[in-house]
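Observations on the model geometry
Residue strings, one per chain:
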Amino acid sequence: MAAALQLPVSSQETVSRGMTTVTFAETALMSSYLIGFIAGPYHEVTDEWAHPDRDLTLHLTVLVRRAMADHLDAENLFTITKQGLTFFHQEFGYPYPWGGAEPNAEGSARGKYEQVFVPEYNAGAMENPGLVVFTERLIFDTAATEAQHELRANVIMHEMAHMWFGDLVTMHWWDDLWLKESFADYMGSLAVDEATDFDTAWVAFANGRKAWAYVQDQLPTTHPIVADIPDLQAAHQNFDGITYAKGASVLKQLAAYAGRDAFRQAAQRYFARHAFGNTGLSDFLSVLHETTGRTCTPGHRHGWRQQAFRFSRSRCPRTR
Ligand SMILES: [Zn+2]
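Residues numbered from 1 in each chain as written. Predicted model: local features only at pLDDT ≥ 70, side-chain atom pairs only at ≥ 80, totals over all residues.

Thoughts on the environment of Thr81
Relative to the assigned elements, Thr81 resides in helix α1 (residues 74–92). Through-space distance from the C-alpha of Thr81 to that of Gln115 is 9.5 Å; in sequence the pair is 34 residues apart. Setting aside residues no more than four positions away along its own chain, Thr81 makes contact with Leu60, Gln115 and Ile156. (Helix = DSSP H or I, 4+ residues; strand = E, 2+ residues; numbered from the N terminus. Contact = placed C-beta atoms within 7 Å.)

In structure tokens form, the structure reads like this:
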């Protein structure tokens, strides 16, 4: 039997035959919707990732149910995982903060990043800090196409981006769900494109994600990317092609408009300033303004909300 939480195990005690009490360490500050716990007769494979420059090591684990163990291509999963961890550390400039990865007195840190493939999981994946849960459909029990492998890499990168966008910094309220989902969608494709051997990430994005957004945007249910969410039911309905794919498309445009370096610096400043805190649209626009020199007035911000965040048509004058 394996049990996993976002945290290192602080103690483990056998209570009686077949029964063990597992005590986990205290979590870093996190939103309540992010808590995750799994238990079951899982098959585990482990590996390790080390930061190229810092004294930070992560213990990596992938878990599948034992009946799927023969189909688990752990080496491939770890390759993508390590490529992603190195990429996001360069991109975000903030060390992975979960799984007990707080630095000790010597400045070195050792955390963990676990990925669990769960049978009959009711979603694609969930970004519990340090314990990402995926649908078991991503473990291939028959020959898989290149596109399936690339899609799986994209999901792995999407959830990993959430360790920062969503988990380290969380939106104040569901109006700004895009602050984690649009970013994770954009960053997922960016990481696959720039950090892995796949070379069709943006083709897949245009054909799959962006096409999804175009279709959804023609429906009567379309809405601005920065949405008006009065209650939790509305929040639930907002996990859609607008919040994910249209938002990611707009962010891709925005990165091109701001410049790749300025956009990266804005993300780094955003995490440095708001780590373990909550944010909204204006917080992201502020750091973008600082790194690009382009400012957007309240009128522009209002326009973006009304126009479903059409950055390309906004007129944001240069201030320097
Ligand atoms: Zn997501």
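From this point, the discussion proceeds with the structure in view.
Observations concerning the packing of α1 against helix α3 (residues 178–195)
When two helices pack together, their arrangement is given by the angle between the helix axes and the distance between those axes. One way to put it is that α1 packs onto α3 with a least axis distance of 10 Å and a crossing angle of 105 degrees. The angle between the axes of α1 and α3 places the two elements in the roughly perpendicular class. Within the contact between the two elements, α1 uses Gln83, Gly84, Thr86, Phe87 and Phe88 and α3 uses Ala191, Glu194 and Ala195. (Axes fitted to C-alpha atoms, helices over the stretch in contact; angles between N-to-C directions. Parallel < 35°, antiparallel > 145°, perpendicular 65-115°, else oblique.)

Let's talk about the nonpolar core
In this structure, Phe88, Met157, Ala161, Phe183, Met187 and Ala191 are the most contacted members of the largest nonpolar core, which totals 73 residues. The element best represented in this core is α3, accounting for 10 residues. In this structure, this core is formed jointly by two domains, domain 1 (2–162) and domain 2 (172–313), each of which donates at least three residues. If sequence neighbours within four positions are ignored, Phe88 has contacts with Met160, Ala161, Trp164 and Ala191. (Core = buried A, V, L, I, M, F, W, Y, C linked by C-beta atoms within 7 Å. Buried ≥ 20, exposed ≤ 12 C-beta atoms within 10 Å, placed from the backbone. Domains from an automatic or database assignment.)

What about unusual backbone geometry?
Within the chain, Glu120 stands out as a residue other than glycine whose phi angle is a positive 60 degrees. When you line up the elements, Glu120 lands in the loop between β7 (109–118) and β8 (125–126). Positive phi values are uncommon outside glycine, yet Phe276 reaches one of about 60 degrees. Relative to the assigned elements, Phe276 resides in the loop between α7 (260–274) and β11 (277–279).

Here's the deal with the environment of Leu85
Tracing the chain through its elements places Leu85 in helix α1. Among the residues examined, Leu85 registers 23 C-beta atoms within 10 Å and is labelled buried. A sequence separation of 35 residues divides Leu85 from Ala50, and the C-alpha atoms of the two residues are 9.1 Å apart. Filtering out sequence-adjacent residues up to four positions away, Leu85 remains in contact with Trp49, Leu58 and Tyr96.

Here's the deal with the pairing of strand β6 (residues 56–65)
By the criterion of burial, β6 is predominantly enclosed, with seven of the 10 residues buried. What sits between strand β5 (residues 42–50) and β6 in their antiparallel hairpin is a turn of five residues. Pairing analysis gives eight bridges linking β6 to β7, with the strands arranged parallel. Opposite Leu56, over in β7, you have Ala109 as the bridge partner. This β-α-β element, β6 to α1 to β7, shows left-handed connectivity. (Pairing = 2+ DSSP bridges. Right-handed = clockwise from strand over helix to strand, strands pointing away.)

Some details on the sheet that holds β8
Overall, mixed pairing links the five strands, which are arranged β5-β6-β7-β9-β8 in an open sheet. Edge positions in the sheet fall to β5 and β8, since each of these pairs with one other strand and no more. Taken together, the two bridges between β8 and strand β9 (residues 131–135) define a ladder with antiparallel strand orientation. Within β9, the residue paired with Ala125 across the bridge is Phe134. Relative to β6, α1 is tilted by about 145 degrees, and along the sheet it contacts β5, β6 and β7.

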